[in-house]
Amino acid sequence: MITGIATDRRANLLGSLWMVAAMGAFSVEDALLKAAAATLPVAEILILFGAGGAFGFACIAVLTGDRLFSPDVVSRPMRIRVLFEVIGRLFYVLAISLIPLSAATVILQATPLVVVAGAALAFGEKVGWRRWAAIVIGLAGVVVIVQPGTDSFSVLSVLAIIGMIGFAGRDLASRAAPASLSTSILGFYGFLAIVVAGGVFALWQVVPFVVPGVSASLALIAAVLTGVAAYSCLMKAMRSGEVSVVTPFRYTRLLFGIALGVVLFGESLSMSMMIGSGLIVLAGLFILWRGERAKSLT
């Protein structure tokens with residue numbers, strides 16, 4: 001019994017560390033994509049970024065002996081995962097290109113709340129009324145940040161909300177994906193979904209592609225490298241430990257994202273953003289604490 005508890009705690013610790021690493025890398029990726037969006041159409045960024053990431057994971061799969069194509073690739077969880085990946089990537093890249101990076105990052109922090117709620121509904125993980133109350137409070141923090149019905153409200157903030165929901169669905173589907181599919185395979189198809197997202201948006205936007213300049217090219221290459229690293233860490237995190245324990249560590253992205261937004265893009269934080277961020281983070285930390293407390297009592 002003690003050995004089992006120790007093993008669970010070790011898995012949760014490893015999953016949490018992978019999540020922190022993933023959030024740091026994702027924040028750098030966001031900043032690089034936002035920089036590229038200053039001169040390149042969003043559809044072009046998605047296609048080039050997705051193709052680069054898919055190529056990177058394909059190379060990793062070949063080197064590790066993983067098969068790129070198998071019956072599990074078209075399983076129901078994988079189909080659902082691709083759909084949510086397309087939604088999440090498309091709307092979130094649109095968000096970071098049109099609104100401050102710090103604002104998009106803060107809204108994205110509601111992802112763990114949605115994931116924990118989804119884990120309870122889809123996987124039967126125990127989530128008591130206190131954690132459900134925390135989820136509601138955290139989502140109220142998103143409302144405080146977006147400020148619907150006021151002069152400060154920007155409809156562009158909805159893009160970040162839709163992207164957040166897409167990422168939450170992707171993470172839950174990753175949990176349900178067949179165990180035979182390695183991180184490199186999940187990454188390969190995840191980045192192919194980004195190419196699809198770019199293609200769909202290109203058909204809707206109808207904006208001519210441009211030849212990337214030196215700075216935009218370097219930003220995209222660096223984004224691909226950090227994106228592959230971040231994706232690998234995220235998949236390891238979601239497959240280690242319990243979802244309700246690991247996912248709250250997504251909040252570290254808040255620190256990374258705000259710091260990069262302020263330092264690189266000269267952004268500032270409003271009072272509503274700070275209050276909303278506080279509600280979201282406190283809700284997430286409470287969920288983490290309740291999850292650990294529940295484990296210690298079993």
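Everything numeric here is computed off the predicted structure, so don't read it as measured data.

### What about empty space enclosed by the protein?
Link 1 in the chain: Here the structure, examined in full by the defined rule, presents 1 cavity of 30 Å³ or more.
Link 2 in the chain: Each pocket or cavity is described by its volume, and for the largest cavity that value is around 50 Å³.
Link 3 in the chain: In this structure, the largest cavity is lined by Phe-26, Glu-29, Asp-30, Arg-89, Tyr-92, Phe-167, Arg-170, Leu-234, Arg-250 and Arg-253.
Link 4 in the chain: Looking at the lining of the largest cavity, the elements with two or more residues in it are helix H1 (2-36), helix H3 (76-98) and helix H7 (157-176).

### Focus on the pattern of salt bridges
Pairs can form between side chains of opposite charge once their charged atoms are near each other.
Link 1 in the chain: Taken as a whole, this structure holds 5 salt bridges when the rule is applied.
Link 2 in the chain: Between Arg-89 and Glu-85 there is a salt bridge; the shortest N-O distance is 3.4 Å. Of the two residues, Arg-89 and Glu-85 both sit in helix H3, 4 residues apart, roughly one turn of that helix.
Link 3 in the chain: In this structure, the salt-bridge partner of Asp-171 is Arg-170, at a minimum N-O distance of 3.2 Å. Like Asp-171, the residue Arg-170 is buried in the burial classification.
Link 4 in the chain: Connected through shared salt-bridge partners, Glu-29, Glu-85, Arg-89, Arg-170 and Asp-171 make up one network.

### A word on the UniProt feature "domain: EamA" (unreviewed entry) in the protein chain
Link 1 in the chain: The sites that UniProt annotates as "domain: EamA" (unreviewed entry) are residues 14-146 and 158-288.
Link 2 in the chain: As annotated, residues 14-146 has a helix share of 81% and a strand share of 0%, and its two end C-alpha atoms lie 34 Å apart.

### So, the packing of aromatic side chains
Link 1 in the chain: Taken as a whole, this structure holds 5 aromatic pairs when the rule is applied.
Link 2 in the chain: Judged by centre distance (4.9 Å) and plane angle (80°), the ring pair of Phe-188 and Tyr-189 falls under edge-to-face. Assigned by exposure class, Phe-188 and Tyr-189 land together as buried.
Link 3 in the chain: What links up through ring pairs into an aromatic cluster is the set Phe-49, Phe-57 and Phe-191.
Link 4 in the chain: The ring centre of Phe-191 lies 5.8 Å from the NZ or CZ of Arg-89, which sits over that ring.

### Some details on the side chain of Arg-253
Link 1 in the chain: For Arg-253, the location among the structural elements is in helix H11 (residues 252-265).
Link 2 in the chain: For Arg-253, a relative accessible area of 5% corresponds to the buried category.
Link 3 in the chain: For Arg-253, the side chain forms a polar contact with the side chain of Asp-30, separated by 2.5 Å.
Link 4 in the chain: Ignoring anything within four residues of it in the chain, the contact list for Arg-253 reads Met-23, Phe-26, Ser-27, Asp-30, Tyr-92, Thr-105, Leu-108 and Gln-109.

### Here we look at the packing of helix H2 (residues 42-64) against helix H9 (residues 214-238)
Link 1 in the chain: H9 packs onto H2 with a crossing angle of 55° between their chain directions and a minimal axis gap of 9 Å. Viewed along their axes, H2 and H9 adopt a mutual orientation that is oblique. The way H2 lies across H9 gives a crossing that is right-handed. Along the contact surface, H2 presents Ile-45, Leu-48, Phe-49, Gly-52, Gly-53, Phe-57 and Ile-60, while H9 presents Leu-220, Ala-223, Val-224, Gly-227, Val-228, Tyr-231 and Ser-232.

### Describing the packing of H3 against H7
Link 1 in the chain: The geometry of H3 relative to H7 is characterised by a closest axis approach of 7 Å and an angle of 150° between their N-to-C directions. Between H3 and H7, the angle falls in the class roughly antiparallel. Seen from above, H3 lies across H7 with left-handed handedness.
Link 2 in the chain: Residue composition of the contact of H3 with H7, grouped by class: 16 nonpolar, 5 polar and 4 charged.

### As for the environment of Arg-250
Link 1 in the chain: Within the fold, Arg-250 resides in the loop between helix H10 (243-246) and H11.
Link 2 in the chain: Separated by 228 residues in the primary sequence, Arg-250 and Ala-22 place their C-alpha atoms 8.4 Å from one another.
Link 3 in the chain: Contact partners of Arg-250, with chain neighbours within four places excluded, come to Met-19, Met-23, Gln-109, Thr-111, Pro-112, Arg-170, Asp-171 and Leu-234.

### Thoughts on H3
Link 1 in the chain: Taking 1.5 Å of rise per residue, the 23 residues of H3 would be expected to cover 33 Å, and the 33 Å separating its terminal C-alpha atoms lies within 8% of that figure.
Link 2 in the chain: Of the residues making up H3, those classed as buried are Met-78, Arg-81, Glu-85, Val-86, Gly-88, Arg-89, Leu-90, Tyr-92, Val-93, Leu-94, Ala-95 and Ile-96.

### Side note on the UniProt feature "transmembrane region" (unreviewed entry) in the protein chain
Link 1 in the chain: UniProt records the feature "transmembrane region" (unreviewed entry) at residues 12-33, 45-70, 82-100, 131-147, 153-173, 185-204, 210-231 and 271-289, using the numbering of this structure.
Link 2 in the chain: Across residues 131-147, the secondary structure splits into 94% helix and 0% strand, with the terminal C-alpha atoms separated by 24 Å.

Reading the values: the criteria
Residues numbered from 1 in each chain as written. Predicted model: local features only at pLDDT ≥ 70, side-chain atom pairs only at ≥ 80, totals over all residues. Heavy atoms only, no water. 1 Å grid on protein atoms, 1.4 Å probe; cavity = no way out; pocket = protein on both sides within 12 Å on 5 of 7 lines; lining within 4 Å. Points joined across faces, edges and corners; volume = space filled by probe spheres on them. Helix = DSSP H or I, 4+ residues; strand = E, 2+ residues; numbered from the N terminus. Salt bridge = Lys/Arg side-chain N within 4 Å of Asp/Glu carboxyl O. Buried < 20%, exposed > 50% of the residue type's maximum accessible area, 1.4 Å probe, protein only. UniProt positions renumbered as here; feature names shortened; annotations may be inferred. Phe/Tyr/Trp six-rings, centres within 6.5 Å; stacked < 30°, edge-to-face > 60°. Lys NZ or Arg CZ within 6 Å of the ring centre and 35° of its normal. Polar contact = N/O pair within 3.5 Å; in protein donor to acceptor, adjacent residues only side chain to side chain. Contact = heavy atoms within 4.5 Å. Axes fitted to C-alpha atoms, helices over the stretch in contact; angles between N-to-C directions. Parallel < 35°, antiparallel > 145°, perpendicular 65-115°, else oblique. Left-handed = near helix turned anticlockwise from the far one by under 90°. Nonpolar A, V, L, I, M, F, W, Y, C, P; charged D, E, K, R; others polar. Expected span 1.5 Å × (residues − 1).

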